[in-house]
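Observations on the model geometry
The lines below spell out each chain.
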Protein chains: 2
Amino acid sequence: MNLILLSGGSGKRLWPLSNDVRSKQFIKFFDDGKGNRESMVQRMYHAIERVDSDANVTIATSKSQISELRNQLGDNIQISLEPCRRDTFPAIALAVCYLHDVEHISEEDSVVVCPVDPYVEDDYFEALKKLYELSQEGKANLTLLGMEPTYPSSKYGYIIPKGKDNISKVSMFKEKPSEEVAKTYIDQGALWNGGIFAFKIGYLLRKAHELIDFKDYQDLFSKYETLEKISFDYAVAEKEDSIQVMRFKGTWVDLGSWNTLTDALGEGSNIGNTLLSEDCKHDHIVNELDIPILCVGVSDVIVAASPEGVLVTNREGSSHIKDYVEKLNTPVMFAEKSWGEYKVIDVTAESITRKIALSKGHHMSYHLHKRRKEVWNIIAGEGSVIIDGVKKHVKAGDVINIDIGKKHTIIAESEHLQIIEVQIGKNIDVGDKVKYDLSKEALEASL
Amino acid sequence: MNLILLSGGSGKRLWPLSNDVRSKQFIKFFDDGKGNRESMVQRMYHAIERVDSDANVTIATSKSQISELRNQLGDNIQISLEPCRRDTFPAIALAVCYLHDVEHISEEDSVVVCPVDPYVEDDYFEALKKLYELSQEGKANLTLLGMEPTYPSSKYGYIIPKGKDNISKVSMFKEKPSEEVAKTYIDQGALWNGGIFAFKIGYLLRKAHELIDFKDYQDLFSKYETLEKISFDYAVAEKEDSIQVMRFKGTWVDLGSWNTLTDALGEGSNIGNTLLSEDCKHDHIVNELDIPILCVGVSDVIVAASPEGVLVTNREGSSHIKDYVEKLNTPVMFAEKSWGEYKVIDVTAESITRKIALSKGHHMSYHLHKRRKEVWNIIAGEGSVIIDGVKKHVKAGDVINIDIGKKHTIIAESEHLQIIEVQIGKNIDVGDKVKYDLSKEALEASL
């Protein structure tokens, strides 16, 4: 099976754990059964490997997620890089061109497209395989997976099938209706639209060329920024007459808010340094801070904490946090990078202190700052710093002064290289960074 | 009026804001009416100054509180220093000897003793003045202030007066009774014992010499550690026949738990970086972290956060946090010192990072460590460091390496001298510190 996983953008609906640079699919919420935590994207990727070890998986995403995807899934994943965000139709068109032009997959072969962030079980991937096979049979141009609704939700789009069979033709799509209208749809056998489609590669290429003027993958990639933002549903599905849908009754939860996420996690699945009194009932605590969270005598609350803030809410309130989080307007206080991760641990008017961890063999970009000096206090591990081309071995206890205007980087030569970085200057901001190429020879010499 | 304020020990009932080194009376909970926050001890001290500007106030406390008392009340306060904690009778005896032998106050003069931590209004201090005058009249050996009970509490001791007059003789004391028994006491006109006593200095000196073998203040001070722990109630009040009590109907709240504290603070008195949705009702948020606390849709919760942890509880739960806090067994993560304050911002196996702020003109002790090096990253202000006797001027952006075994201190020469201190070594602990005298000349030279 060819599978395109759409890894969507960042959002604040799971603040303080998701932020402008960390999308919800990268938060390690789930128990992998071996005592480790895994993220939505890891959970989905590992399930695909388990259910269909031959699956040809391509992740469609933007540049900002590549480091985290590689950190979490390994360096060998196939990625269709989106130069910027342009909604699902351009993203799917680009990924399909990538499959055809770069991976040389035949126009006659089918592909299944699905988002990376619902909470699902193995039966979901069995259904995707079936969807792929149905598409291969060629009885319809589009084959969808429709979710059996559990309640008349106004949050989802609905697929109205022509019959109530397990597989049937689609009569129409309905955008998010009111709850009363949703009820009448459900009585007619309607299904939730989860954004899961299968089609032949040739079909989608023809649609793409109809709607976009481009030659091939490279050409589409280069003009991607000029494309109109448009969803696959709107551009393709709603205009197509030959569509079939397969019903899906298994677990499928849209993890869009703390409300649905805590349902998926289940009772007692508190994460991080937490302590609850015996009389706490139905609480969910997710703590990414180093300090403990203690709950005494409180029930039905959700508490989430990260270096960006602390959220205390309940099931109902958790669906409405977005507006408040926007009011807070907190700066980004932690991020995963291709070379490791950092978190901000102190901020004053003219200084920022960060704790930085680098992965063995990795280095941050070679860069300089025009308005701040930096001090690297190495607190664990060892590595090499390069400052204005001069390399020096460093280890825990060493202190490196980097004056304004000095090009610098550090390369981790052990696991767990950790640094307390103190930035000092006026108007410190992330924009004050000039990147340089670290010559290949210099890097090889130092590794 | 002579007034002895008993400033009691540390406790965890207001964790995470109180801890092993910060007693609840030093937490800045209260609005001083001028846009600043003040602590229980500041609130009480300023009220005394307002009601009786001639009051001769002596604070009875142990060494661990002196820095905070001076930071919060100024350097001119009178302190009766307790070499260690020995309950209220030895503490009062020592303070009274201090008044008599050091401040040369007559045996015929009276003194009022009261704890520093109840929440009271100005009428309380008017009552203390009246108590002092009643004691001066000499109609009883002990004059107590009894609080009109508002409910049959099992948390307080009760004073049973002979009559229901505003001032009457005391028939007996009853230790914390059950609620049913408390009800019968209240029906008889009983009052809560708030630990507020007035007596003539000569009376207490005689009692002290009856129970303790000592010559004078210096002698009592030197043998303080050998004294039995015993409360004033048990040692004196319960054995005394000549006691009168004055009824007090005004505000008097024992701020022993989050429950009573939040009552005293009142609705909407959230402290620190907080944001609540409009539908949050009766919440109390006290945030001493730099990051925001966001509450959405939750009512009747108490949230408190400090560098030591985050507490989420409700009115009922908040009375029972102590056992859980003890289970957490968190290290001390922040403290006020005579020279300023610090907080721990990162901990790893072989490093601790602290943010330190020094007050202008102050310096930390001159000391060395045998198992760790330290790096001082100056992030704001200026001062002088002395390392092994060599003085050097430093300012924001400077980095000072202090190797193992090097004596060191820093003197603040501006407001807001701030340091990110990185400690690196194996088995870092507060015990690894050897203090030295910083010679007077060296200090004067550097100031």
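Criteria and cut-off values
- Residues numbered from 1 in each chain as written.
- Chains lettered and ligands numbered in written order.
- Predicted model: local features only at pLDDT ≥ 70, side-chain atom pairs only at ≥ 80, totals over all residues.
- Heavy atoms only, no water.
- Least-squares fit on C-alpha atoms with pLDDT ≥ 70 in both.
- Contact = heavy atoms within 4.5 Å.
- Buried area = accessible area lost by both parts, 1.4 Å probe.
- Salt bridge = Lys/Arg side-chain N within 4 Å of Asp/Glu carboxyl O.
- Polar contact = N/O pair within 3.5 Å; in protein donor to acceptor, adjacent residues only side chain to side chain.
- Nonpolar A, V, L, I, M, F, W, Y, C, P; charged D, E, K, R; others polar.
- Pairing = 2+ DSSP bridges.
- Helix = DSSP H or I, 4+ residues; strand = E, 2+ residues; numbered from the N terminus.
- Buried < 20%, exposed > 50% of the residue type's maximum accessible area, 1.4 Å probe, protein only.
- Axes fitted to C-alpha atoms, helices over the stretch in contact; angles between N-to-C directions.
- Parallel < 35°, antiparallel > 145°, perpendicular 65-115°, else oblique.
- Left-handed = near helix turned anticlockwise from the far one by under 90°.
- pLDDT = per-residue confidence, 0-100.
- Phe/Tyr/Trp six-rings, centres within 6.5 Å; stacked < 30°, edge-to-face > 60°.
- Lys NZ or Arg CZ within 6 Å of the ring centre and 35° of its normal.

**Structural notes on the relation of the copies chain B and chain A**
- Between chain B and chain A, which share one sequence, the superposing operator has a rotation angle of 180° and an axial displacement of 0.0 Å; the RMSD is 0.1 Å. These values place the two chain copies in the arrangement generated by a two-fold rotation axis. Of every C-alpha in chain B, the one belonging to B:Ile345 sits nearest the axis of rotation, 3.1 Å from it.
- Comparing contact sets, 100% of the residues at the interface of chain B also lie at the interface in chain A, consistent with an isologous, same-surface contact.

**Some thoughts on the interface of chain B and chain A**
- The partner chain A presents 54 residues to the 54 residues of chain B that form the contact.
- Buried area between chain B and chain A, both sides added, is near 4,000 Å², and the carbon and sulfur share of it is 69%.
- It is B:Leu294, B:Val312 and B:Tyr324 in chain B that bury the most area against chain A; as a group they hold 17% of the surface buried on that side.
- Counting across the chain B and chain A interface gives two salt bridges.
- With a closest N to O distance of 2.9 Å, B:Lys355 and A:Asp346 form a salt bridge.
- Between chain B and chain A we count 19 residue pairs in polar contact (both at pLDDT 80 or more) in total.
- Residues belonging to the side of chain B that touches chain A are distributed by class as follows: 30 nonpolar, 16 polar and eight charged.
- By the bridge criterion, four bridges tie strand S18 (residues 309-313) of chain A to strand S16 (residues 293-296) of chain B in an arrangement that is parallel. Residue pairing for S16(B): A:Val312 is matched across the bridge by B:Cys295.

**Side note on unusual backbone geometry**
- Along the chain, A:Trp15 connects to A:Pro16 via a cis peptide bond; the corresponding omega equals 5°.
- Considering the arrangement of structural elements, one finds A:Pro16 in the loop between strand S1 (2-6) and strand S2 (30-31).
- A positive phi angle, near 55°, is found at B:His104, a position not held by glycine.
- As for its position among the elements, B:His104 is in the loop between helix H3 (88-102) and strand S6 (110-115).
- Of note, B:Asn427 is a non-glycine position whose phi angle comes to about 50°, a positive value.
- The residue B:Asn427 is located in the loop between strand S28 (417-425) and strand S29 (434-436) in this model.
- Residue B:Asn427 is classed as exposed on the basis of its relative accessible area, which comes to 56%.

**Comments concerning the pattern of salt bridges**
- Summed over all chains, the structure comprises 41 salt bridges over all chains.
- One salt bridge connects B:Glu210 with B:Lys207, and the closest N-O pair in it is separated by 3.9 Å. Linking B:Glu210 with B:Lys207, this pair stays in helix H6 (residues 201-211), spanning three residues, or about one helical turn.
- When the shortest N-O distance is used, the salt bridge between B:Lys406 and B:Asp388 registers 3.7 Å. Of this pair, B:Lys406 sits in the loop between strand S26 (399-402) and strand S27 (408-412) while B:Asp388 is found in the loop between strand S24 (382-387) and strand S25 (390-395), placing the two residues 18 residues apart along the sequence.
- By relative accessible area, which is 33% here, B:Lys406 ends up partly exposed.
- The network of salt bridges with shared partners includes A:Glu148, A:Arg247 and A:Lys249.

**Some remarks on the side chain of B:Ser110**
All names here are of chain B.
- Considering the arrangement of structural elements, one finds Ser110 in strand S6.
- Taking relative accessible area as the criterion, Ser110 reaches 0% and is therefore assigned buried.
- At 2.8 Å, the side chain of Ser110 forms a polar contact with the side chain of Ser135.
- Among the polar contacts made by the side chain of Ser110, one reaches the side chain of Gln136 at a distance of 2.7 Å.
- Contacts of Ser110, omitting those with residues within four sequence positions, involve Asn2, Tyr132, Ser135, Gln136, Phe199, Lys200 and Ile201.

**Description of the sheet that holds strand S14 (residues 274-276) of chain A**
- If you trace the five strands from one edge of the open sheet to the other, you get S14(A)-S16(A)-S18(B)-S17(B)-S15(B), paired in mixed fashion. On the outer flanks of this sheet lie S14 of chain A together with strand S15 (284-287) of chain B, each paired with one strand and no other. Across the sheet, the axes of successive neighbouring strands diverge by a mean angle of 10°, strand direction being ignored.
- Relative to strand S18 (residues 309-313) of chain B, strand S17 (residues 302-306) of chain B runs antiparallel, the two being bridged by five bridges.

**What about the packing of helix H3 (residues 88-102) of chain A against helix H6 (residues 201-211) of chain A?**
Residue and element names in this part refer to chain A.
- Between H3 and H6, the least distance of the axes is 10 Å, while the angle of their chain directions is 125°. When the axes of H3 and H6 are compared, the pair comes out oblique. In this structure, the crossing between H3 and H6 has a hand that is left-handed. Every residue of H6 that contacts H3 at Phe89, Ile92, Ala93, Val96, Cys97, Leu99 and His100 is listed here: Ile201, Leu204, Leu205, Lys207, Ala208 and Leu211.

**Some thoughts on the pairing of S24(B)**
All names here are of chain B.
- Most of S24 sits out of view: five of its six residues are buried.
- By the bridge criterion, six bridges tie S24 to S25 in an arrangement that is antiparallel. Considered in S25, the bridge of Ile387 is made with Val390.
- Between S24 and the antiparallel strand that follows it, S25, lie two residues; Asp388 among them carries a positive phi value of about 45°.
- As defined by bridge partners, S24 adjoins S27 across five bridges and the pair is classed as antiparallel. For Ile387, the partnering residue across the bridge sits in S27 and is His408.

**Here we look at the environment of B:Arg86**
All names here are of chain B.
- On the secondary structure map, Arg86 appears in the loop between strand S5 (78-82) and H3.
- Residue Arg86 is classed as buried on the basis of its relative accessible area of 17%.
- In this structure the C-alpha to C-alpha distance between Arg86 and Gln42, which are 44 residues apart in sequence, comes to 24 Å.
- Setting aside its immediate chain neighbours within four residues, Arg86 contacts Tyr224, Glu225, Leu227, Glu228, Lys229 and Ile230.
- A distance of 2.7 Å separates a polar atom in the side chain of Arg86 from the backbone oxygen of Glu225.
- Side-chain polar atoms of Arg86 contact the backbone oxygen of Leu227, separated by 2.9 Å.

**What to know about the confidence of the model for chain A**
- Of all residues in chain A, 98% attain a pLDDT of 70 or more, and the chain-wide mean is 92.
- The ipTM value of the predicted complex is 0.87, and its pTM value is 0.87.

**Description of the packing of aromatic side chains**
- Enumeration over the complete set of coordinates arrives at 28 aromatic pairs over all chains.
- Taken together, a centroid distance of 5.9 Å and an interplanar angle of 75° make the contact between A:Tyr124 and A:Phe248 edge-to-face. Of this pair, A:Tyr124 sits in helix H4 (residues 122-137) while A:Phe248 sits in strand S12 (residues 243-248), placing them 124 residues apart in sequence.
- The buried category is assigned to A:Tyr124, whose relative accessible area is 0%.
- What makes A:Phe248 buried here is its relative accessible area of 6%.
- Taken together, the ring pairs connect A:Phe29, A:Phe30, A:Tyr119 and A:Trp258 into an aromatic cluster.
- Here B:Arg354 stacks its cationic end above the ring of B:Tyr342, 4.4 Å away from the centre of that ring.

**Thoughts on the side chain of A:Thr348**
- Checked against the element boundaries, A:Thr348 lands in strand S20 (residues 340-348).
- For A:Thr348, a relative accessible area of 18% corresponds to the buried category.
- A distance of 2.6 Å separates a polar atom in the side chain of A:Thr348 from a polar atom in the side chain of A:Ser351.
- Not counting residues within four places of it along the chain, the set of residues in contact with A:Thr348 comprises B:Lys355, B:Ile379 and B:Gln418.

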